[in-house]
Every structure is written in structure tokens, then in C-alpha cells.
Amino acid sequence: MIIKPPFIGTMTPYYESYRRYINDKDLLSSLHDELLITSELILSLDESQGNFRYADGKWSIKEVLGHICDTERILSYRALSIMRGEKQSLLGFDENEYMKNSNFSTRTLKDIMNEFESVRKATISLFKMMDENRLDQSGIANGNQVTVRALIYFILAHERHHQLFIKSKYLSQY
């Protein structure tokens, strides 16, 4: 199955702001490809780089990768809920509170990367087996109307955003 990106203007302004990261024609195959790119980036780092924070109060690279995992899980859950016909509004989340209650900083980069690979494989499996008619089904998440297609799109865009951020803010200063 090919999953095309959402049309311009069909997402919230916040999601639309991430459009610069996506030119792909097939989001599903890009999720697989991006896993390989993120894995190569993360596994090229050593533990001291994984613990690096580019400024006081900022997350470490380990925590950024953990945040990508958390966000993908939440967005996949939202997509699943909408695909299954959930009518209730799905809650938002505060990534800073989530980070305070995580243990990413005490784990190894390889361990967190293994977790991310598991999360991504589950995400791909979920969307690969999805009924194509559900892609544009919408629901309410974090107070905004969103489609399954937009959630898939944002999983990929969010990962790319953080890859570039790691390269520009973390690795350029390390």
C-alpha cells in the first residue's frame, strides 16, 4: 500500500509547519527508510555524545531519541483510535513532563535505539495492515481535528525534525 502525504491545508497550522521536512510520495516506505537513517546517526555516536546537552536545561541526545519514541507511540495510538472509530477527544501530552518521568538519561544509546526500532516496526505493522479507506478518517486529538494520514505524516516529519536538530544543535557543538 502507498500512503501519500496529506493535501496542503488539511492539517493544523502546527502540523503544516513541519511540511518542509516531507517531499516523499509514500509515507509508509519512508517510515522504513527513515528508521535506517536514524539508526545510522544514533549508532555512530558514543555514550558521551549521547549524554551531551547543548545548553543548560536542554535534553540530551538520549532524551531526544526517547522523546521521538514517546511521541511516535502516542501518535500511533491516536491513529489506531481514530481508525477504530473512537468518538471521544484524545488527550494531548506535555513532553517536558513525560521527560521528567522517564529514565532515558540512565540508559545506553544502543538500548534506546533498540526501543525505537521496536516502536517503528510496530508503527509500520499497524499502518501496513490498515484499511486504506481509513486514511482520511478524522477524530479529535489535543483539541484539534486530525486525520490518520496526518498522524502518519507527522510521525515521519517529527523524526526528521529531530534528526536535523541533533546534527545542527548537538553535533555541531560537541
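(A) Seen up close, the overall build of the chain. Helix and strand content of the chain: 7 helices and 2 strands. Ordering the α and β elements of the chain from the N terminus gives α-α-α-α-α-α-β-β-α. Over its C-alpha trace the chain gives a radius of gyration of 16 Å, about what one expects of a compact globule, namely 16 Å for 174 residues. In terms of overall dimensions, the chain has a C-alpha envelope of 45 × 30 × 25 Å along the principal axes. Out of the 174 residues in the chain, the part that is buried amounts to 51%. At a minimum sequence separation of 6, the contacts of the chain that also span at least 24 residues come to 76%. For the chain, the computed accessible surface area is about 9200 Å², with 51% contributed by carbon and sulfur atoms. Averaging the positions of the 22 positive and the 23 negative side-chain charges in the chain gives two centres separated by 3 Å.

(B) Region of the structure containing helix 7 (residues 148–171). Its 24 residues place the ends of helix 7 34 Å apart at the C-alpha level, agreeing with the 34 Å of an ideal helix rising 1.5 Å per residue. Of all bends in helix 7, the biggest is about 25°, found at Phe165. In terms of burial, helix 7 is largely enclosed, as 18 of its 24 residues are buried.

(C) Representation of the pattern of salt bridges within the structure. Tallying each qualifying case throughout the model produces 12 salt bridges. In this structure, Arg19 engages Glu16 in a salt bridge whose closest nitrogen and oxygen atoms are separated by 2.8 Å. By the burial criterion, Arg19 is buried, and Glu16 matches it. We note a salt bridge from Glu115 to Arg73, for which the minimum N-O separation is 2.7 Å. Here Glu115 is found in helix 6 (residues 109–128), whereas its partner Arg73 is found in helix 4 (residues 61–83), with 42 residues between them in sequence. For Arg73, a relative accessible area of 42% translates into the label partly exposed. The network of salt bridges with common partners includes Arg73, Arg107, Asp111 and Glu115.

(D) Looking closely at the packing of aromatic side chains. Tallied over the full model, the rule gives 11 aromatic pairs. An angle of 5° between the planes, with centres 4.3 Å apart, marks the rings of Tyr15 and Phe154 as stacked. One end of the pair, Tyr15, is in helix 1 (residues 13–16); the other, Phe154, is in helix 7, and 139 residues separate them in sequence. The two residues Tyr15 and Phe154 agree in class, both being buried. These aromatic residues form a ring-pair network of at least three members: Tyr14, Tyr15, Tyr18, Tyr21 and Phe154.

(E) Local environment of unusual backbone geometry. Unusually for a residue other than glycine, Asn142 sits at a positive phi of about 55°. When its relative accessible area of 48% is taken as the criterion, Asn142 is described as partly exposed.

(F) Here's a closer look at the pairing of strand 2 (residues 144–147). Where strand 1 (residues 138–141) meets strand 2, 4 bridges bridge the pair, whose relative direction is antiparallel. Its bridge partner lying in strand 2, Ala141 is registered against Asn144. Joining the antiparallel neighbours strand 1 and strand 2 is a turn of 2 residues, in which Asn142 adopts a positive phi near 55°.

Cut-offs used in this document
Residues numbered from 1 in each chain as written. Predicted model: local features only at pLDDT ≥ 70, side-chain atom pairs only at ≥ 80, totals over all residues. Heavy atoms only, no water. Helix = DSSP H or I, 4+ residues; strand = E, 2+ residues; numbered from the N terminus. Rg over C-alpha atoms; globule rule 2.2 N^0.38 Å. Buried < 20%, exposed > 50% of the residue type's maximum accessible area, 1.4 Å probe, protein only. Contact = heavy atoms within 4.5 Å. Areas by Shrake-Rupley, 256 points an atom, 1.4 Å probe, with all protein chains shown as cover. Lys, Arg positive; Asp, Glu negative; His and termini not counted. Charge placed at Lys NZ, Arg CZ, Asp CG, Glu CD. Expected span 1.5 Å × (residues − 1). Bend = angle between axes of the 7 residues up to and from the residue. Salt bridge = Lys/Arg side-chain N within 4 Å of Asp/Glu carboxyl O. Phe/Tyr/Trp six-rings, centres within 6.5 Å; stacked < 30°, edge-to-face > 60°. Pairing = 2+ DSSP bridges.

None of this, on its own, says anything about what the molecule does.
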